[in-house]
Every structure is written in structure tokens, then in C-alpha cells.
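One letter stands for each residue in the lines below.
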Amino acid sequence: MRARRFRLLTLTGSITGASVVALDGTVLTVAQPSLQRDLHASFAQTQWTSTGYLIAVASLLVFAGRLGDRYGHRRIFAVGIIGFGAASAAIGLAPDIAWVIGLRVVQGACGALLQPATLGMLRVAYPPHLISRPLALRTAAIGVAAAAGPVVGGALTTHFGWRAVFFLSVLPAVVVGAAALAVREGYAAQEAVRCGPGGAGADRARDGSGSAEGGAWGGPGPAEGDARGRPGRTEGGGARGGRGGTGLDLPGACLLAAALGCLVHALVGLPATAPWLVAAGVCGAAFVRHERRTASPLLPPEVTGSRTVTAALAVLLAASAAMFGALFVGTYVLQEIQSMDPLRSSLTALPMAVAMVASATATPALMRRHGPRGTTVTAMAVLALGILLLSRLTAADAASWAVGGGFLLLGTGFGTVMVTATTVLVRRVPAAHAGVAGGLQQTAMNTGPALGIAAAAMLLTLAAPGTAGVRATGAGGSSAGAVEAFGSAAGGTLTGLAAVATAGALCALRLPARDEPAEFVAPGPGQAPAARR
């Protein structure tokens, strides 16, 4: 009974943290025009309220996951979610746009601490054979939050102003963060041992990272601290020693943060950001060189050496790039070619969110029957088909079934892929590196949309420069010609994004055929543990 209660607490914290972040991003999009007018900000300044947050998150996710592996996911989660709520409240009180941008960067850093921990806590609390259902519920909650965000944000902004949207996450953040801090370390550790074979205790015993301690909220085991849970020193392959251990690797963290930050900044500002792309490449090459030479790399060999983990990350990157790139183009198509207002276009895309929630909850059963490989390949094909259906919207007389069907298939495919690829990723990584795995998953899910939107915008600009934003009024030859040119460019762009989803399906062929956790090979003397791939 106690183990079940602790798992429920862990699941509640994970779902709340992930939902708060998802809701924050969607409500801000609706509130930005009001924020710009109220603070007398320029469009570029307003855009930095999103860009600054995104750069901070993307650059720190992996290092934040490493902190969770080192000091305990529960602690990092609590710090992240309370900091996120505090930053949200401060933004709601900000006197000018400079304060908003700066606090959004702080909020992004707290979000980076929070997001990997939501996965790390689940990996520590649940045995591998039970992890798919909690991940499905987490994905469904993200879908609900993303769907509700524009509606809630619009209502709050209309009746109370843009500041109200930032107070939305304060209460749940403080309550859940306080609950995480209130869990007694020793009591949580006892419950982790009772979680049964394959849970946190079993993984730590198998992979040599410590004893079967560490709470359902993801506290560190003795290899990472003393009997009271305080960080301490270890020998050999423990927390601070040995290749693949849980040392922080600050130089590697700085290089990776610089590479990802430059990459995201370049993607957001394409096409006039070539220097940032060059800087991202240089920092990335330096990071790879450093990781190969250091004794305790930021990305352990147990993670980077797994072909299955690499394939799962590639699938997530391709799926999120194709999905959000298609949404970016689809929104323009609905409003510019189909002449819908913003509210109607949002309602038209609503089947996507409903399908995402439904498919996420059904995915664990599909994985048991068809395996991760078959389920993911099929889901990526469904996603590609949905994008191809959306390409039919570029005709002014597009059939209604193509509109609804395209968004329905989009949500079905993406919701399924989110659960299957994340489940495989979390299962295949030892619990001692669950934070790094969560950081990599969140990095793929943050850089994928930026990559997809940047690619879509660049293709639209190259194929039909100067036509985006021309509303299909039907009056005037130049307007009609611009709309036709934009429709042609949008159709080609969506076809290209469907090809990205197809490439993701090919990557999914490297996933395991059966729905089973990885088997861990017992390490030899002085060797790091490894998973059979």
C-alpha cells in the first residue's frame, strides 16, 4: 500500500510538472500581443520572451538531468518547479519588457531543471515493465494542457489582462514542490526497495551505481550520499569517479550548453544567422572531442553507446520537427487560404489534441501486442499521412474531411510516437542515468520543433518570397496571385515535412521488436555496466 501511494505521488508530481510547462508555453502565445501593447515593446523584444526561454531550456536540459542523477531527481524537481512558479509570479509583476525577458530566461533555467526530473522520478519509482502506463498518462496530460492553453490564455487575457496568465502556474508549482520537499528521504528510500524487481533498487544493484536506495521521488542512493541522503564521496565507479559515473563534467556541460544555445538561436532567427550555426558546429565538435577524452563524460557510454537509445532520440526529433513544422504551415494555410479567423482555425485543429490524448492512453496496449518497433513505424507513417492530407488544404475548395482527417492523423501519430519512443529510451538506460536520458529526451522535444519551424519558414520564403501573410480576400489580381503562389509553396513544404516523418519511420526500424526492458550485463572489475542492445 505504501509503495502504491509513493508511486501515485511520483506520478502526480511528474504529470503536474510536465503540464505546467506545456500550459505555460501555449498560454503565452495568446497573451503576447496584449503584453506588447501594454509594455510598449517592439515585435523583436516580444519575440525574445519566447526565444530567451527556449535557449535557456535547450542549453541546460542535459546538465540538469545530470544534476538529478547526482543529487536526486526529487530535490532537483522541487527546486525547478518552485523556481518556475516564483519566476512566473515575478513576470506577472514585471514593470517593463526587459524584466519580462530576463525573468523568462530564469524561468527557462528552472524549466530545464524540472523537465528531465519528471522522467527521472518515474524511471526510479516504477519497474521497467510498468513504466509505459505512467508515461502514457504523462503524455496525455501534456496534450490536454497544450489544447487547453490557448482557450484558458485567451479567457484570462481578455478578462484580466496578460499578467493573469503568469499567475496560473504559481499555486500548483508551489504545492507540488512543497510536497516533493516534504517526503522524508529515509522513508522514501524504504519504499523504493519495496517497489519490487526491476525498480530503482534492482537497477542500482544491477548496474553497480549504488545500493537499492533512492526514493520514489528519485533521491540519491548511498553511492551518492551518506545514510541521511547528503552528497558524499565515493570511490571507483561511484558518484565522482570512474568513466560513466555521475560526476558533473562542468567543461562538457558548458560546451554542450553553448552548442545547443547557439543552435536554437540560429534556428529561431533563420535565414540570417549563419555565424550562430558556425558557432554551434564549433562548440559541438569541441564537446565531442572533450567527451571522448574525459574520465567522467556528461553523456555516459551506457547512453551514447546504445543504438536503441540513439534511434529513439532520432525518432523523437523527426516526429517533433515534422509535427510542429506542419502546424506552423497549417495555421497559415487555414487563415490565408481558407480565410478562417484565429478562433475558427484553432477549433479546426482541436481534433489533433483529442487524438493525441486518446492515442497516448491506448499506446501501452499497442506496444504489448505489436512491440515498440511495429507501433512506432506505423505511428510515424500515420503522422506522414496526416501531413500529406494537410497539403490538400492549399486548394481553396479543400474538402472538410481532409481538414479534420489531417489533424486527426497528426495527433494520433504524434501521441503514439511520444509514448513508444520515450518508453524505449527510459527503459534502455540504467536508473543511475535516468536524468541524462530525460534531459536528452527533452532536448530532442525542444530542438525538434525549432528545427521543423525554421525549415518550414525557410522553404516557404525560398519558394514564395513575400507571400506569407497575404489574406485570401479574393479581390485583386495581385492578391489572388500571391495566394496561389503561397498555396503552391505551402503544399511543397508540407510534402517535405512528410518526408521528414518518413525518415523517422526508418529510424524506428532500429527499435526493439518486442515490448521488454533491456537486460543489464553485470560489469567486470573496474568496468562500467552495460545494457544489452
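Before going into details, it helps to say that this report is about the structure given with it. Remember, it's a predicted structure, so these values are computed and weren't measured experimentally.

Cut-off values and rules
Residues numbered from 1 in each chain as written. Predicted model: local features only at pLDDT ≥ 70, side-chain atom pairs only at ≥ 80, totals over all residues. Heavy atoms only, no water. Helix = DSSP H or I, 4+ residues; strand = E, 2+ residues; numbered from the N terminus. Buried < 20%, exposed > 50% of the residue type's maximum accessible area, 1.4 Å probe, protein only. Contact = heavy atoms within 4.5 Å. Expected span 1.5 Å × (residues − 1). Bend = angle between axes of the 7 residues up to and from the residue. Phe/Tyr/Trp six-rings, centres within 6.5 Å; stacked < 30°, edge-to-face > 60°. Lys NZ or Arg CZ within 6 Å of the ring centre and 35° of its normal. 1 Å grid on protein atoms, 1.4 Å probe; cavity = no way out; pocket = protein on both sides within 12 Å on 5 of 7 lines; lining within 4 Å. Points joined across faces, edges and corners; volume = space filled by probe spheres on them. Axes fitted to C-alpha atoms, helices over the stretch in contact; angles between N-to-C directions. Parallel < 35°, antiparallel > 145°, perpendicular 65-115°, else oblique. Left-handed = near helix turned anticlockwise from the far one by under 90°. Nonpolar A, V, L, I, M, F, W, Y, C, P; charged D, E, K, R; others polar. Core = buried A, V, L, I, M, F, W, Y, C linked by side-chain atoms within 4.5 Å. Patch = residues over 30% accessible without salt bridge, like charges linked within 9 Å, V, L, I, M, F, W, Y side chains within 5 Å. Areas by Shrake-Rupley, 256 points an atom, 1.4 Å probe, with all protein chains shown as cover. Salt bridge = Lys/Arg side-chain N within 4 Å of Asp/Glu carboxyl O.

Our next topic: the overall build of the protein. Helix and strand counts for the protein stand at 18 helices and two strands. Residues classed as buried in the protein amount to 57% of the 533 residues present. Long-range pairs, those at least 24 residues apart, make up 81% of the contacts in the protein with a sequence separation of at least 6.

This next bit is on helix H1 (residues 2-38). Look at H1: 51 Å from first C-alpha to last across 37 residues, which is about the 54 Å you get at 1.5 Å a residue. The axis of H1 is deflected most strongly, by about 50 degrees, at Ala31, and proline Pro33 appears within four residues downstream. His40 sits one or two residues past H1 and shows a positive phi near 55 degrees.

Within a pair of aromatic rings, the relevant descriptors are the distance that separates the centres and the angle that separates the planes. On inspection of all chains with the given rule, the structure shows two aromatic pairs. Here Trp162 and Phe166 contribute two aromatic rings whose centre-to-centre distance is 6.0 Å and whose plane-to-plane angle is 85 degrees, an arrangement assigned as edge-to-face. Using a relative accessible area of 2% as the deciding quantity, one classes Trp162 as buried. Residue class for Phe166 comes out buried when judged on its relative accessible area of 2%. Their ring planes at 85 degrees and their centres at 6.1 Å tell us that Phe324 and Phe414 sit as a pair that is edge-to-face. Taken together, the residues Phe324 in helix H13 (residues 307-337) and Phe414 in helix H16 (residues 400-428) connect sequence positions 90 residues apart. By relative accessible area, which is 30% here, Phe324 ends up partly exposed. Exposure remark for Phe414: the relative accessible area of 4% places this residue in the buried category. Sitting over the ring of Tyr71, Arg70 keeps its end group 4.9 Å from the ring centre.

We now examine the layout of surface pockets. The rolling of a water-molecule-sized probe over the atoms marks out the regions of remaining empty space. The computed volume of the second largest pocket comes to approximately 800 Å³. As for the second largest pocket, its lining consists of 27 residues, of which Leu256, Leu260, Phe287, Leu299 and Leu440 are closest to the centre. Those elements giving two or more residues to the lining of the second largest pocket turn out to be helix H10 (250-269), helix H11 (274-293), helix H12 (301-304), H13 and helix H17 (434-463).

On to H17, then. With 30 residues, H17 should reach 44 Å at 1.5 Å per residue; the first-to-last C-alpha distance of 43 Å fits that figure. With 21 of 30 residues buried, H17 is to be regarded as a mostly interior element.

Direction vectors running N to C along helix H2 (residues 43-71) and helix H4 (residues 97-125) enclose 25 degrees, while the axes themselves pass 6 Å from each other. Compared by their axis directions, H2 and H4 come out roughly parallel. Handedness of the crossing formed by H2 with H4: right-handed. Residue composition of the contact of H2 with H4, by class: 16 nonpolar, eight polar and one charged.

Judged by nonpolar contacts, the single largest core of 65 residues is most densely connected at Val329, Met380, Leu383, Ile387, Phe407 and Leu410. Those elements that provide at least two residues to this core are H2, H10, H13, helix H15 (350-390), H16, H17 and helix H18 (477-508). It is H13 that contributes the most residues to this core, 16 residues altogether. Setting aside chain neighbours within four positions, we find Phe407 in contact with Leu327, Leu334, Thr348, Ala349, Pro351, Met352 and Leu390.

Moving on to the packing of H2 against H17. H17 packs onto H2 with a crossing angle of 170 degrees between their chain directions and a minimal axis gap of 6 Å. On the basis of their axis angle, the class for H2 and H17 is roughly antiparallel. Together, Leu54, Val57, Ala58, Leu61, Val62, Gly65, Arg66 and Asp69 of H2 and Ala434, Gly435, Val436, Gly439, Leu440, Gln442, Thr443, Asn446, Thr447 and Ala450 of H17 make up the contact between the two elements. In terms of residue class, the contact of H2 with H17 is made up of nine nonpolar, seven polar and two charged.

Taken together, the side chains of Leu347, Leu350 and Val354 present a nonpolar region at the surface, about 280 Å² in accessible area. You can see Leu350 is positioned in helix H15.

The next subject is the environment of Trp48. Note on placement: Trp48 falls in helix H2. Given a relative accessible area of 35%, Trp48 falls into the partly exposed group. Considered as a pair, Trp48 and Val105 are 57 residues apart in the sequence and their alpha carbons are 9.5 Å apart. Dropping the residues within four chain positions of it, Trp48 is found in contact with Tyr53, Ile55, Ile101 and His265.

Fair warning: the whole summary comes from geometry, so function is off the table for now.
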